Amino acid sequence: MSDLLVRRHAADAKGVVVEVTPRSAGWDHVGFKVVELTAHQAASGGEADREACIVVLSGLADVVVAGERFEDLGGRRDVFEERAPGAAYAPAGAAWSVIAKTAAEVAICTAPGRGGLAPRLIPPERMSLETRGQGTNTRHVRNILPETEPAESLLVVEVITPGGNWSSYPPHKHDTATPAEETALEETYYHRLNPPQGFAFQRVYTDDRTLDQTMAVEDGDVVMVPRGYHPVGAPHGYDLYYLNVMAGPKRAWIFRNDPAHAWITLS
């Protein structure tokens, strides 16, 4: 199995089904995990030097950050329902907890922070929705925590790619710090498929091909992108959802398309 692919597993005692830490990934910034909670079950966390974006992917939950309670977040049947998720921001140093009111799938996205920002609800109306691409390159993007919204390191976005389409395409990368041209951002992709027995493909590769891995991803898998281009393809009949978490030394998403395929944006 690819060392960039992290498989989903049965929920442990804390509800964790998949997790990536900076240590397990061998990088410096992005942390990510998903917990599946039963009704009334809780998850908690908070680190002195890491901020968090808590995303209620499906189900309904209350989120408490530094004693401030945000009630009834989420409500989607699943990630493919056409509505925004529930989300809250927890600054570095703030203790947080999630209390499920129904069965709930919750993503915990973390990155370095020094604290100082306020805990807050991220309301659905602040999550802009856009369609990118055309033809079989069409996908639908919801900006949960974009660079226009307050945070120290985190960028969080979710994407629906219809079956038969490509996404993160033309292949692009963001792994070097080149002012005004590219930023260095680590990234995770959390994949879900509809119907769930499906699969999709993701390739991660660099210009010199010192990194070149192509993975068949299944429902609930995570792909880590430490560097390189990272396109995704969804086979006919299976819609693909993914939640992206990005973070790096500078909180800005500036990418460079693979020069071999950049012509696609001009067609």
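For the structure itself, look to the data block above.
Small disclaimer: the values here were computed from a predicted structure and weren't measured.

K.L.:
Quick question: what am I supposed to make of the overall build of the protein here?
P.N.:
The secondary structure content of the protein amounts to one helix and 23 strands. Taking 18 Å as the expected radius of gyration for a compact globule of 267 residues, we find that the protein reaches 17 Å, a close match to that expectation. For the C-alpha atoms alone, the extent of the protein along its principal axes is close to 50 × 40 × 35 Å. Across the 267 residues of the protein, 52% fall into the buried class.

K.L.:
How should the sheet that holds strand 6 (residues 60-65) be read in this particular structure?
P.N.:
One key point about sheets: their strands pair by backbone hydrogen bonds, in either a parallel or an antiparallel sense. Read from one edge of the open sheet, four strands run 4-9-6-7, paired in antiparallel fashion. On the outer flanks of this sheet lie strand 4 (42-45) and strand 7 (68-74), each paired with one strand and no other. Going across the sheet, the axis of each strand differs from the next one's by a mean of 15°, ignoring polarity.

K.L.:
Looking at this structure, I do not really get the nonpolar core. What am I missing?
P.N.:
Soluble globular proteins: nonpolar side chains tend toward being buried together. Ranked by size, the top nonpolar core spans 33 residues in total, and within it Phe32, Cys53, Val55, Cys109 and Leu243 carry the most contacts. Broken down by secondary-structure element, the contributors of at least two residues to this core are strand 2 (16-20), strand 3 (31-37), strand 5 (50-58), strand 8 (86-90), strand 10 (104-112), strand 13 (139-145), strand 20 (222-225) and strand 22 (239-247). Non-local contacts of Val55, meaning those with residues more than four positions away in its chain, are made with Pro85, Gly86, Ala87, Glu105, Val106, Ala107, Cys109, Ile144 and Val156. Formed by 21 residues, the second largest nonpolar core is a distinct cluster that contains Ile54, Phe70, Val98 and Ala100.

K.L.:
Hey, could you run me through the pairing of strand 5 in this one?
P.N.:
Two faces make up the sheet, and in a regular strand the side chains alternate between them. The element strand 5 is extensively covered by neighbouring structure, given that nine of its nine residues are classed as buried. In terms of strand pairing, strand 5 meets strand 10 through eight bridges, oriented antiparallel. Its bridge partner lying in strand 10, Val56 is registered against Val106. Inspection of the sheet shows strand 5 paired to strand 8 by five bridges, in the antiparallel sense. Paired with Val55 across the strands is Ala87, a residue of strand 8.

Conventions we followed
- Residues numbered from 1 in each chain as written.
- Predicted model: local features only at pLDDT ≥ 70, side-chain atom pairs only at ≥ 80, totals over all residues.
- Heavy atoms only, no water.
- Helix = DSSP H or I, 4+ residues; strand = E, 2+ residues; numbered from the N terminus.
- Rg over C-alpha atoms; globule rule 2.2 N^0.38 Å.
- Buried < 20%, exposed > 50% of the residue type's maximum accessible area, 1.4 Å probe, protein only.
- Pairing = 2+ DSSP bridges.
- Axes fitted to C-alpha atoms, helices over the stretch in contact; angles between N-to-C directions.
- Core = buried A, V, L, I, M, F, W, Y, C linked by side-chain atoms within 4.5 Å.
- Contact = heavy atoms within 4.5 Å.

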